[in-house]
Amino acid sequence: MKLLEGHVHALTSLLAFLTAANGFYLPGAAPHNFGPGEPVNVYVNTLTPILAGKDDAKVKSLINYDYYNEKLHFCQPDGGPTSSPEGLGSVLFGDRIFNSPFDIKMLEGNGTCRSLCIVPDIPGEDSKFINELIREDYALNWLVDGLPAAEMKEDLKSGDIFYDMGFNLGDDETETPYLNNHYEIVMKYHEPSPGVYRVVGVLVWPSSRGGSQESTTPNCEGAAGKLALSETSNTTVHYTYRVTWEESDTPWATRWDNYLHIFDPRIHWFSLVNSLVIAFFLCVMVAMILYRTVSRDISRYNAIDLSEDVHEDWGWKLVHGEVFRSPQNPLLLAILVGNGTQLCAMVSVTLVFALLGFLSPSNRGSIATVMMVCWTLFGGIGGYYSSRVYSSLGGQNRRRAAFLTATALPTTIFAIMFLLNFFLLTAGSSGAVPFGTMLLVVVLWYGISAPLSAIGSYIGGKQGGVSHPVRVNQIPRQIPPGPKYLRPWAAALLGGILPFGAAFVELFFVMSSLFASRAYYAFGFLALTALIVSLTVATVSILFTYFMLCAEEYRWHWRAFLVGGGSAFWVLGYGLFYWATRLSLESFTSILLYLGYLLLLVLLVFMVTGTIGFLASYWAVRRLYSAIRVD
Ligand SMILES: *[C@@H]1O[C@H](CO)[C@@H](O)[C@H](O)[C@H]1NC(C)=O
Ligand SMILES: *[C@@H]1O[C@H](CO)[C@@H](O)[C@H](O)[C@H]1NC(C)=O
């Protein structure tokens, strides 16, 4: 127990060190105590598309825009906006946080109508742009003391009240889009001890206020209808706001609970438990069948060998002289497996961190940061496994393998990111990753991860390949035509169904968090699902490998990888289905962005599950052939 605590402590310090050393900040890590009259700063983040309140709502775009994008003409603080420091993960996931001109002080100005600024002459062209964003359900994202400003909503199914992060830029219920130029801000505060105040909730009701915009006295009553921006002439907009301070019994420690609302938890649970049970029983059944058949086979083979010189082999024993023959293209396989193990290690450690509660949504972007740091540090694991697998497969060109293992995947990901970035830049989006961050990622990948991978390759190369229990024949056997379902692609699709079936509920939530700005925090479910998926992948690929060897098809290496990675093809199909049913992307850039991210996701899933399938099959084949006697 002491030891465990020590480890946890060490990990915590490591994380704290990594975050501090890179200037990452963890807002919400310690409560901020406000005195009366102390400024409460409002920070503004990018504008993101959200799901409109309707039942059949779809996300219409995937592009983020900077709050201070010049076409949006929002009120700026004196001296221009300054950007606030953010973590690497937060930047990669699209946060761009700036200060704002709101003048809010703890418990002051309760219920007073105030003017933010008057923006004169918004040209028709920019109005057109803003109206387009209103039609696409864009939302403003503010942060106050680390908390996102939210709209209070009711979950139509359960009737629960929850805080939905972000609030609408405008109102497009009718044909004309109206711009929201008035914000009713409700600050919920908690008073843990007299004179000490903490912010525990931020709600905003935006609304559109028409009438004269030039008058300098703010008008928060909205008697004069709504404000529509003209697309043919200049429009002046007067932004107003009103802050109400409301005491709340929510303590600071649980202030996130209102935000973390699970939609329809019953369906979530039902389908999750359902698929877990199915996957679990399938695994157990498969394992039992395999175990019984194989031990019967082994005793039969060994009995015959002992009894007579009647040498009659059948089934998988026939190919004992072939199973360890080098597959085609061992280099590519080794690279995939090496990078796959690196990814597996990254995913596992990230999930452990998430389970320990370090990656709550209050630490913006912490997941992406931890993933990046883990990926970098686990370069050595990738190099080590790649070079050992390469030697085991009979590869000769070790240097080339080491070099490609260290660089191939980062370069592929980089190429995709670069392409997406290019299109984002032409669309004027802030989602484009800034140059400095790109540089940091280059340094992490090529400056730290690649050398570590080379060191891993060197150590792996010293240890050499694993020994094989049976020798390889000089002349390859002929392969009889096998059943159709063992053909590589059929086997991959068949083998992928099971793991995909166990995971697709969680996949839906993960996709919604990536593409429909829903916060995801069900890490317990996710970790459990990941565990079940890896078990299923391992069993299924062992089963297929066994069938293949029984059919005297000995080219199992690539097929084991394909069967393991088969679920990626289902993920791809599901991604396209998700696009058709949940998104209605209008611009070319959004579509490209979606397909790009989907491709990355599919690639990573393919490598992780393929690696699990390959390594499990390798282990099983070695076990299988070391159990029989070969003369
Ligand atoms: C519209 O606004 C632009 C600046 O934004 C200004 O140059 C132009 O004169 C304005 N046009 C009219 C008709 O007021
Ligand atoms: C602010 O005003 C609202 C009503 O308008 C009231 O309920 C609330 O208690 C007031 N808050 C403070 C701190 O006076």
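Everything quoted here is computed from the prediction, not taken from an experiment. Residues take numbers from 1 onward in each chain, read along the sequence in its written order. Both sets of labels track the order of writing: A upward for chains, 1 upward for ligands. Under the rules for a predicted model, residues below a pLDDT of 70 receive no local features and side-chain atom pairs below 80 are neither given nor counted, while totals for whole chains, interfaces and linings still include all residues. Water and hydrogen atoms were dropped before computing side-chain values, which therefore reflect all heavy atoms in the structure.

Asks: What's the story with the pairing of strand β14 (residues 196-207) in this structure? I'm lost.
Replies: Side-chain direction in a regular strand flips from residue to residue, so the side chains alternate between the two faces of the sheet. Note on exposure labels: buried denotes an accessible area under 20% of the residue type's maximum, exposed denotes more than 50%, and partly exposed covers the range between, all computed with a 1.4 Å probe on protein chains only. Put simply, DSSP marks the helices as runs of H or I at least four residues long and the strands as runs of E at least two long, and each gets a number from the N terminus on. Of all 12 residues in β14, 10 are buried; the element is thus mostly enclosed. DSSP bridges decide pairing: two strands pair if at least two such bridges lie between them. Direction of pairing for strand β13 (residues 182-193) relative to β14: antiparallel, over a ladder of 10 bridges. Its bridge partner lying in β14, S193 is registered against V196. Counting the residues between successive antiparallel strands, the hairpin from β13 to β14 contains 2 residues, one of them, G195, with a positive phi of roughly 85 degrees.

Asks: What is the right way to read the state of the cysteines from this model?
Replies: Put plainly, two cysteines are in a disulfide when a covalent bond ties their sulfur atoms together. Our working definition of a disulfide is a cysteine sulfur pair at a distance within 2.5 Å. Evaluated as defined, the whole model comprises 2 disulfides. Note that C75 is cross-linked by a disulfide to C117, the S-S spacing being 2.0 Å. Residues C75 and C117 are joined through a disulfide that is left-handed, its torsion about the S-S bond being -85 degrees. Here C75, found in the loop between β2 (48-49) and α2 (88-92), pairs with C117, found in strand β4 (residues 113-122); they are 42 residues apart in sequence, far enough to count as distant. With a relative accessible area of 3%, C75 lands in the buried category. The disulfide bridge from C113 ends at C220, spanning 1.8 Å between sulfur atoms. Judged by the sign of its S-S torsion, about 85 degrees, the cystine formed by C113 and C220 is right-handed. Here the residue C113 occupies a position in strand β4, and C220 occupies one in the loop between β14 and β15 (235-247), the gap between them amounting to 107 residues.

Asks: Even after reading the chapter, I still don't get the site of ligand 2, so can you show me in this structure?
Replies: The full set of residues close to ligand 2 is L107, N110, Y189, T244 and W245. We define a polar contact as two N or O atoms separated by no more than 3.5 Å, with the added condition that, inside protein, one atom must be a possible hydrogen donor and the other a possible acceptor, whereas residues neighbouring each other in sequence contribute only through side-chain atom pairs. Within the side chain of N110, a nitrogen or oxygen atom sits 2.5 Å from an oxygen atom of ligand 2. Contact between ligand 2 and W245: a nitrogen atom at 3.0 Å from a main-chain N or O atom of the residue. Every accessible area reported is derived by Shrake-Rupley at a probe size of 1.4 Å, with residue values counting cover from the shown protein chains alone. Relative to its unbound accessible surface of 360 Å², ligand 2 loses 40% to contact with the protein. A class-by-class count of the residues in the shell around ligand 2 yields 3 nonpolar, 2 polar and no charged. Whether a residue is near a molecule or strand is decided by its heavy atoms; if any one of them lies within 4 Å of it, the residue is near. Each residue is assigned to one class: nonpolar for Ala, Val, Leu, Ile, Met, Phe, Trp, Tyr, Cys and Pro, charged for Asp, Glu, Lys and Arg, and polar for all the others, Gly among them.

Asks: Is there a simple way to think about the packing of aromatic side chains in this case?
Replies: Aromatic rings considered in pairs are described by the distance between their centres and by the relative angle of their planes. Only Phe, Tyr and Trp rings are paired, with Trp represented by its six-membered ring, and only when their centres lie within 6.5 Å; those with planes under 30 degrees apart are stacked, over 60 edge-to-face, the remainder tilted. All told, the structure shown has 44 aromatic pairs when counted by the stated rule. On the basis of an interplanar angle of 85 degrees and a centroid distance of 5.0 Å, the ring pair of Y67 and Y68 is categorised as edge-to-face. Residue classification places Y67 among the buried residues on the basis of a relative accessible area of 2%. Assessed through its relative accessible area of 13%, Y68 is described here as buried. Residues F414 and W445 carry aromatic rings whose centres are separated by 5.9 Å and whose planes lie at 70 degrees to one another, so their mutual orientation is edge-to-face. Taken as a pair, F414 in helix α8 (residues 398-426) and W445 in helix α9 (residues 435-463) lie far apart in primary sequence, 31 residues in all. On the basis of relative accessible area, W445 is assigned to the buried category, the value being 7%.

Asks: Which parts of the structure should I look at to understand the pattern of salt bridges?
Replies: Oppositely charged side chains can form a pair if their charged atoms are brought close together. Salt bridges are identified by distance alone: a Lys or Arg side-chain nitrogen within 4 Å of an Asp or Glu carboxyl oxygen. Applying the stated criterion to the full structure yields 12 salt bridges. Between E246 and K188 there is a salt bridge whose closest N-O contact spans 3.1 Å. Taken together, the positions of E246 in strand β15 and K188 in strand β13 put the pair 58 residues apart, joining distant regions of the chain. Residue K188 is classed as buried on the basis of its relative accessible area of 15%. The shortest N-O distance in the salt bridge between R555 and E553 comes to 2.9 Å. A relative accessible area of 44% means that R555 is categorised as partly exposed. Taken together, the salt bridges that share partners define one network made up of D103, K105 and R114.

Asks: Where do I start with the packing of helix α7 (residues 379-392) against α9 in this structure?
Replies: Axis separation between α7 and α9 bottoms out at 6 Å; the angle between their running directions is 35 degrees. For the pair α7 and α9, the crossing hand works out as right-handed. Only S449, L452, S453, G456, S457, I459, G460, G461 and Q463 of α9 make contact with α7, whose side of the interface consists of G379, G380, G383, Y384, S387 and R388. Its residues placed into classes, the contact of α7 with α9 shows 3 nonpolar, 11 polar and 1 charged. Each axis is a line fitted through C-alpha atoms, and for a helix only the stretch in contact is used; angles between axes span 0 to 180 degrees, taken between their N-to-C directions. By the definition used in this description, the sense in which the near helix is turned from the far one sets the handedness, with an anticlockwise turn below a right angle giving left-handed and a clockwise turn giving right-handed. Every residue pair with non-hydrogen atoms within 4.5 Å of one another is taken to be in contact.

Asks: Where do I start with the UniProt feature "transmembrane region" (unreviewed entry) in the protein chain in this structure?
Replies: UniProt positions are given in the numbering used here, feature names are shortened, and annotations may be inferred rather than shown by experiment. The feature "transmembrane region" (unreviewed entry), as annotated in UniProt, sits at residues 269-291, 331-359, 365-385, 401-425, 489-515, 521-549, 561-579 and 591-621 in this numbering. A distance of 30 Å separates the end C-alpha atoms of residues 365-385, which is 90% helix and 0% strand. Spanning residues 489-515, this segment combines 100% helix with 0% strand, and its end C-alpha atoms are found 29 Å apart.

Asks: I tried to follow the packing of helix α12 (residues 556-564) against helix α14 (residues 588-626) on my own but got confused; where do I start?
Replies: Angle between the axes and distance between the axes are the two parameters that describe a pair of packed helices. Taken N-terminus to C-terminus, the directions of α12 and α14 make an angle of 135 degrees; their axes are 6 Å apart at the nearest point. Taken as axis vectors, α12 and α14 run oblique relative to one another. The crossing of α12 and α14 is right-handed. Two secondary-structure elements touch here, α12 through W556, H557, A560, F561, L562 and G564 and α14 through F606, M607, T609, G610, T611, G613, F614, S617, Y618 and V621. Every angle not falling under 35 degrees, over 145, or within 65 to 115 is termed oblique; those three ranges are roughly parallel, roughly antiparallel and roughly perpendicular.

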